[in-house]
Amino acid sequence: MTPRQKLVFAHLRQGKANKIIAYELGVSESTVKVHIKNIMRKIGATNRTQAVYKAQSALLRAFAPDAG
């Protein structure tokens with residue numbers, strides 16, 4: 001993910017609406033929508049909830065102790 005996508009995603013994980021994310025980042029709402037669409041495409045999610053879930057699951061797996 002690009003640095004801007006990571007920033008948008010951090011707001012997305014907090015459950016913020018596109019309009020709020022846009023306001024807080026000083027960009028248009030359509031720009032936020034494009035970033036979210038690209039984030040979802042990159043991680044294979046079909047909606048914003050699934051995107052957050054997949055990212056959280058990947059993060060947990062990355063820090064889980066090895067079985068064995």
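For the structure given in this document, a descriptive report is provided here. (Residues numbered from 1 in each chain as written. Predicted model: local features only at pLDDT ≥ 70, side-chain atom pairs only at ≥ 80, totals over all residues. Heavy atoms only, no water.)

**Quick look at the pattern of salt bridges**
So, step 1. Applying the stated criterion across every chain yields a total of one salt bridge.
So, step 2. The residue Glu24 makes a salt bridge to Lys16 at a minimum N-O spacing of 2.7 Å.
So, step 3. When its relative accessible area of 42% is taken as the criterion, Glu24 is described as partly exposed. (Salt bridge = Lys/Arg side-chain N within 4 Å of Asp/Glu carboxyl O. Buried < 20%, exposed > 50% of the residue type's maximum accessible area, 1.4 Å probe, protein only.)

**Quick word on the packing of helix α2 (residues 18-25) against helix α3 (residues 29-43)**
So, step 1. Across the interface, α2 lies against α3 with an axial gap of 8 Å and an inter-helix angle of 110 degrees. Judged by the inter-axis angle, α2 sits roughly perpendicular to α3. Here Asn18, Lys19, Ile21 and Ala22 of α2 come into contact with α3, specifically with Glu29, Val32, Lys33 and Ile36.
So, step 2. Its residues placed into classes, the contact of α2 with α3 shows four nonpolar, one polar and three charged. (Axes fitted to C-alpha atoms, helices over the stretch in contact; angles between N-to-C directions. Helix = DSSP H or I, 4+ residues; strand = E, 2+ residues; numbered from the N terminus. Parallel < 35°, antiparallel > 145°, perpendicular 65-115°, else oblique. Contact = heavy atoms within 4.5 Å. Nonpolar A, V, L, I, M, F, W, Y, C, P; charged D, E, K, R; others polar.)

**So, helix α1 (residues 3-13)**
So, step 1. All buried positions along α1 are accounted for by Gln5, Val8, Phe9, His11 and Leu12. The arc that holds the buried residues of α1, viewed along the axis, is 160 degrees, so those residues lie on one side. Exposed residues pointing more than 90 degrees away from the buried face of α1 are listed as Pro3 and Lys6.
So, step 2. Looking at the buried positions of α1, the neighbouring elements they touch are α2, α3 and α4 (48-63). (Arc of directions from axis to C-beta.)

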